[in-house]
Amino acid sequence: MGATDISVIHPGDRAAQRQLDSLLSGAGIRRDANLDYTVGLFDDEGTLLATGSAFANTLRCLAVSERHRGEGYLNQIVTFLIEEQTRRGFGEVFLYTKPESARFFADLGFDEIERVPGYLVFMSNRPKAFTAYLNRLKRNALVPGRACAVVMNANPFTLGHLHLLEMASRQSDVVHVFVVSEDASLFSFKDRFDLVRKGSAHLYKVMCHPTGSYMVSNATFPSYFIKQADDVTRVHALLDTLVFARIASTLGITRRFVGEEPFSGITRIYNQVMAEELPKHGIDLEVIPRCEYGKTPVSASNVRQLIHDGHLDQVRPLVPRPTYEFLTSDEAGPTIDRICRSEHVRHD
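Residues numbered from 1 in each chain as written. Predicted model: local features only at pLDDT ≥ 70, side-chain atom pairs only at ≥ 80, totals over all residues. Heavy atoms only, no water.

For the rest of this paragraph, the subject is unusual backbone geometry. For the bond from Asn155 to Pro156, the omega torsion is 10°, close enough to zero to count as cis. Along the polypeptide, Pro156 turns up in the loop between strand E8 (147-152) and helix H5 (159-170). In this structure, Lys128 takes a positive phi of about 70° despite not being glycine. (Helix = DSSP H or I, 4+ residues; strand = E, 2+ residues; numbered from the N terminus.)

Before going further, it helps to examine the packing of helix H9 (residues 300-308) against helix H11 (residues 333-341). Running from N to C, H9 and H11 point in directions that differ by 90°, and their axes come no closer than 8 Å. As far as their axial angle goes, H11 and H9 are roughly perpendicular. Residues Arg304, Ile307 and His308 of H9 pack against Ile336, Ile339 and Cys340 of H11. Per-class residue counts for the contact of H9 with H11 are 4 nonpolar, 1 polar and 1 charged. (Axes fitted to C-alpha atoms, helices over the stretch in contact; angles between N-to-C directions. Parallel < 35°, antiparallel > 145°, perpendicular 65-115°, else oblique. Contact = heavy atoms within 4.5 Å. Nonpolar A, V, L, I, M, F, W, Y, C, P; charged D, E, K, R; others polar.)

Turning our eyes to something else, we now look at the environment of Gly199. Topologically, Gly199 is positioned in helix H6 (residues 189-199). The exposure class assigned to Gly199 is buried, which follows from its relative accessible area of 6%. Along the primary structure Gly199 and Leu162 are separated by 37 residues, whereas in three dimensions their C-alpha atoms are 7.3 Å apart. Setting aside its immediate chain neighbours within four residues, Gly199 contacts Phe157, Leu162 and Pro322. (Buried < 20%, exposed > 50% of the residue type's maximum accessible area, 1.4 Å probe, protein only.)

The calculated volume of the second largest pocket comes to roughly 440 Å³. Surrounding the second largest pocket, 23 residues form its lining, Leu62, Ala63, Leu74, Ser101 and Phe105 being those nearest its centre. The set of elements that each furnish at least two residues to the lining of the second largest pocket consists of strand E4 (58-64), helix H2 (73-87), strand E5 (94-97) and helix H3 (102-107). A total of 4 residues in the lining of the second largest pocket trace back to one element, the largest contributor, which is E4. Broken down by class, the residue content of the lining of the second largest pocket amounts to 14 nonpolar, 6 polar and 3 charged. (1 Å grid on protein atoms, 1.4 Å probe; cavity = no way out; pocket = protein on both sides within 12 Å on 5 of 7 lines; lining within 4 Å. Points joined across faces, edges and corners; volume = space filled by probe spheres on them.)

On to the nonpolar core, then. Counting residues in hydrophobic clusters, the biggest one holds 54 residues, and the most contacted among them are Leu120, Tyr214, Phe221 and Ile247. Per-element accounting of this core gives the leading share, 12 residues, to helix H7 (residues 229-251). For Leu120, the contacting residues outside a window of four places in its chain are Tyr96, Thr97, Pro99, Arg115, Phe221, Phe225, Ile226, Val235 and Leu239. The next biggest cluster of nonpolar side chains, apart from the first, holds 37 residues, and it includes Ala154, Leu203, Phe326 and Ala332. (Core = buried A, V, L, I, M, F, W, Y, C linked by side-chain atoms within 4.5 Å.)

Structure (structure tokens):
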């Protein structure tokens, strides 16, 4: 009974889908909620022997039948997926795996970026790519003085975000603002980055940077192999904190500013984790109270909700002028449509 070629597992193929779920379950993982496509290696009787999936520039849900481990099938799946990802235009491919599986992927050419002991290892198929990212930051952004950092999604950039940058500027010589590069928000990365840059242009201490692929949103963080649901947010926060600490060390950042979080439980957990972990790396965490409009804290969630509900005029007092000018321009039409059609406009 030999293996055949690797083929795509289509959503409508119910028999293959059942085999897929069974194979993943046997490997102790769940099917990830974010998958662009899935492939499988079947034997000549149609039995699924190994599988793997991709989402954007990451590989996910890699598994092989327990009876066929050590036969090179998962190696074939990974090679196939990397070739397909390259064909789709992704120069660097990432994966998150269990610590006990990291050596296998290292033998396939993946380089460890960071790990959360006992939970996961974050890897890239481009050895030293993260080091190259850090070196670019150091060449372009290492400046003398007290350096601090803010990481934001800015979906979109509001007066709350601006208030945070203003407070950081008052206490630092340079403020490094890292905008999450992942395109998983209702506003595109291009627009979010542009609005942060324009909205903070009067703050000469602010330097804007993309995060690249090294920090991702909670919405797309792969957690399919983390057994306890309660651990997912904490593990994600730990990984992001460890990656950030490497960036901070490169740029001499000794303080990180975050906004107080009255709405999102996920963000509150993030802030708690950072308060525990950052001091271990010589970084202080400063939590800044949210600015308010009336008696309500200004938030991007509220802005998106107002847009969704057709109250764009009520957004004006909540956002900097560049954000409002964008929202009322023809260029924002697709974004407005996307928000109006979305059933999930809060806390993404």
